[in-house]
Amino acid sequence: MTTGDILQGPGERLAMVREAMARAGKLAGRDPADCELIAISKTRDAGAIQPLIDAGQRIFGENRVQEAQRKWPALQADNPDIELHLVGQLQSNKAEEAVALFDAIHAVDRPSLIKALAKALAKTDRRPVLFIQVNIGEEEQKGGCAIADLPVLLERADAAGLEIAGLMCIPPNGLEPAPYFALLAKLAGDHGLPRLSMGMSSDYETAIKCGATHVRVGTALFGPREPAPLS
Ligand SMILES: *Cc1c(COP(=O)(O)O)cnc(C)c1O
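Residues numbered from 1 in each chain as written. Predicted model: local features only at pLDDT ≥ 70, side-chain atom pairs only at ≥ 80, totals over all residues. Heavy atoms only, no water.

- The chain is annotated in an unreviewed UniProt entry as Pyridoxal phosphate homeostasis protein from Parasphingopyxis lamellibrachiae.

In structure tokens form, the structure reads like this:
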């Protein structure tokens, strides 16, 4: 990111990202309307988020339940058409709160969470769109289910009455992401899952060329992030 990018306002950055998305979609022979932009607003306060809402952005993503609970009810009171996505790890004991707040959950990755989500969904009419996160680079530190465990996890979800809409991944840092996106797309295709959550600020155009239906973009919209507070 250059200094010029930082000097731009949120509206201009949003327009730039949308243009780049449309270009990538067109190059791939896709309908630009087939990919949704999730503005990742983790660590940003309402003052940073409001200008993007004013510029027309309606889908936002957070990675922590508690942070989202602090920030979003007030913003949503003024903008009831906002869609909120959880893109970070979810602890089973927060499943109920997550179902109450989020319209989509991107990091379903283990049987215990499937169980907790099924229990939470039984108590409400809310039906967030669910993605299984796959540890696509088979990295020890990274969240997501192992590629080999995906079929079993999908069976568990089915048995628990959960509809899984698609797959999500975060490719390994510093490696060419396209082969990982292509692999996730293949896995989704093999299992008949229509949605693909993949691509961040540095690689969302590549992800769109590989079939992303949801890109998760933070810094390209908001500017550089401060280091996350320890918790
Ligand atoms: C922070 C985050 C993003 C956005 O990252 P940027 O590089 O700022 O675009 C996307 N997905 C997940 C899961 C994240 O935690």
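## Description of the side chain of Arg30
Thinking step 1. Along the polypeptide, Arg30 turns up in the loop between α2 (10–27) and β1 (36–40).
Thinking step 2. Although Arg30 is buried, it makes no salt bridge; Asp34 carries the closest opposite charge, 5.1 Å away.
Thinking step 3. Each residue touching Arg30, except ones within four places of it in the same chain, is listed here: Gly25, Ile208, Gly211, Ala212 and Thr213. (Helix = DSSP H or I, 4+ residues; strand = E, 2+ residues; numbered from the N terminus. Buried < 20%, exposed > 50% of the residue type's maximum accessible area, 1.4 Å probe, protein only. Lys, Arg positive; Asp, Glu negative; His and termini not counted. Salt bridge = Lys/Arg side-chain N within 4 Å of Asp/Glu carboxyl O. Contact = heavy atoms within 4.5 Å.)

## A few points about the nonpolar core
Soluble, globular proteins show a tendency: their nonpolar side chains are buried together.
Thinking step 1. In terms of nonpolar packing, the biggest core is built from 63 residues, with Phe60, Ile105, Leu117, Ile132 and Leu167 touching the most fellow members.
Thinking step 2. Examining the composition of this core, we find that seven residues originate from one element, helix α6 (residues 111–122), more than from any other.
Thinking step 3. Excluding residues that lie within four positions of it along the chain, Ile105 makes contacts with Leu86, Leu90, Ala98, Val99, Leu117, Pro128, Val129, Leu130 and Phe131. (Core = buried A, V, L, I, M, F, W, Y, C linked by side-chain atoms within 4.5 Å.)

## Concerning the layout of surface pockets
Thinking step 1. Reported here for the largest pocket is a volume of approximately 1100 Å³.
Thinking step 2. What lines the largest pocket is a set of 43 residues, among which Lys42, Asn63, Val87, Ile170 and Arg225 lie closest to the centre.
Thinking step 3. Top element by residues in the lining of the largest pocket is helix α4 (residues 65–78). It accounts for five residues. (1 Å grid on protein atoms, 1.4 Å probe; cavity = no way out; pocket = protein on both sides within 12 Å on 5 of 7 lines; lining within 4 Å. Points joined across faces, edges and corners; volume = space filled by probe spheres on them.)

## A few points about the UniProt feature "modified residue: N6-(pyridoxal phosphate)lysine" (unreviewed entry) in the chain
Thinking step 1. UniProt's entry tags Lys42 with the feature "modified residue: N6-(pyridoxal phosphate)lysine" (unreviewed entry), counted in the numbering of this structure.
Thinking step 2. Structurally, Lys42 can be placed in the loop between β1 and α3 (46–54).
Thinking step 3. In this structure Lys42 touches Gly61, Glu62, Asn63, Glu67, Lys71 and Arg225, once residues within four positions along its chain are discounted. (UniProt positions renumbered as here; feature names shortened; annotations may be inferred.)

## What to know about the site of the ligand
Thinking step 1. Taken together, Ile40, Lys42, Val87, Met168, Ile170, Met200, Ser201, Arg216, Val217, Gly218, Thr219 and Arg225 are the residues near the ligand.
Thinking step 2. Here Ser201 contributes a side-chain N or O atom positioned 2.5 Å from an oxygen atom of the ligand.
Thinking step 3. Contact distances for the ligand include 2.9 Å between an oxygen atom and a backbone N or O atom of Thr219.
Thinking step 4. For the ligand, the accessible surface in isolation is 390 Å², of which the surrounding protein chains cover 89%.
Thinking step 5. Under a 2 Å grid-point criterion requiring more than half of the atoms, the pocket assigned to the ligand is the largest pocket.
Thinking step 6. Here the shell around the ligand is composed, by residue class, of six nonpolar, three polar and three charged. (Near = heavy atom within 4 Å. Polar contact = N/O pair within 3.5 Å; in protein donor to acceptor, adjacent residues only side chain to side chain. Areas by Shrake-Rupley, 256 points an atom, 1.4 Å probe, with all protein chains shown as cover. Sits in = over half its atoms within 2 Å of the grid points. Nonpolar A, V, L, I, M, F, W, Y, C, P; charged D, E, K, R; others polar.)

## Let's talk about the environment of Glu83
Thinking step 1. Mapping Glu83 onto the fold places it in strand β3 (residues 83–86).
Thinking step 2. When its relative accessible area of 30% is taken as the criterion, Glu83 is described as partly exposed.
Thinking step 3. Separated by 26 residues in the primary sequence, Glu83 and Gln57 have C-alpha atoms spaced 9.7 Å apart.
Thinking step 4. Excluding anything up to four places from it in sequence, Glu83 contacts Glu36, Arg58, Ile59, Phe60 and Asp103.

## A closer look at the pattern of salt bridges
Oppositely charged side chains can pair when the atoms bearing their charge come close.
Thinking step 1. Taken as a whole and assessed by the stated rule, the structure comprises eight salt bridges.
Thinking step 2. Here Arg126 ties to Asp103 by a salt bridge, and the two come within 3.5 Å at their closest N and O atoms. Residue Arg126 is found in the loop between α6 and β5 (129–133), and its partner Asp103 is found in the loop between α5 (95–101) and β4 (104–108); the two are separated by 23 residues along the sequence.
Thinking step 3. The partly exposed category is assigned to Asp103, whose relative accessible area is 26%.
Thinking step 4. The closest approach of N and O atoms between Glu139 and Lys142, which form a salt bridge, is 3.0 Å.

## Details of empty space enclosed by the protein
Thinking step 1. One pass over the full model with this rule turns up one cavity of 30 Å³ or more.
Thinking step 2. Its boundaries defined by the atoms lining it, the largest cavity holds a volume of some 40 Å³.
Thinking step 3. In this structure, the largest cavity is lined by Met21, Ala22, Gly25, Arg30, Asp31, Pro32, Cys35 and Ile208.
Thinking step 4. Looking at the lining of the largest cavity residue by residue, the class counts come to five nonpolar, one polar and two charged.

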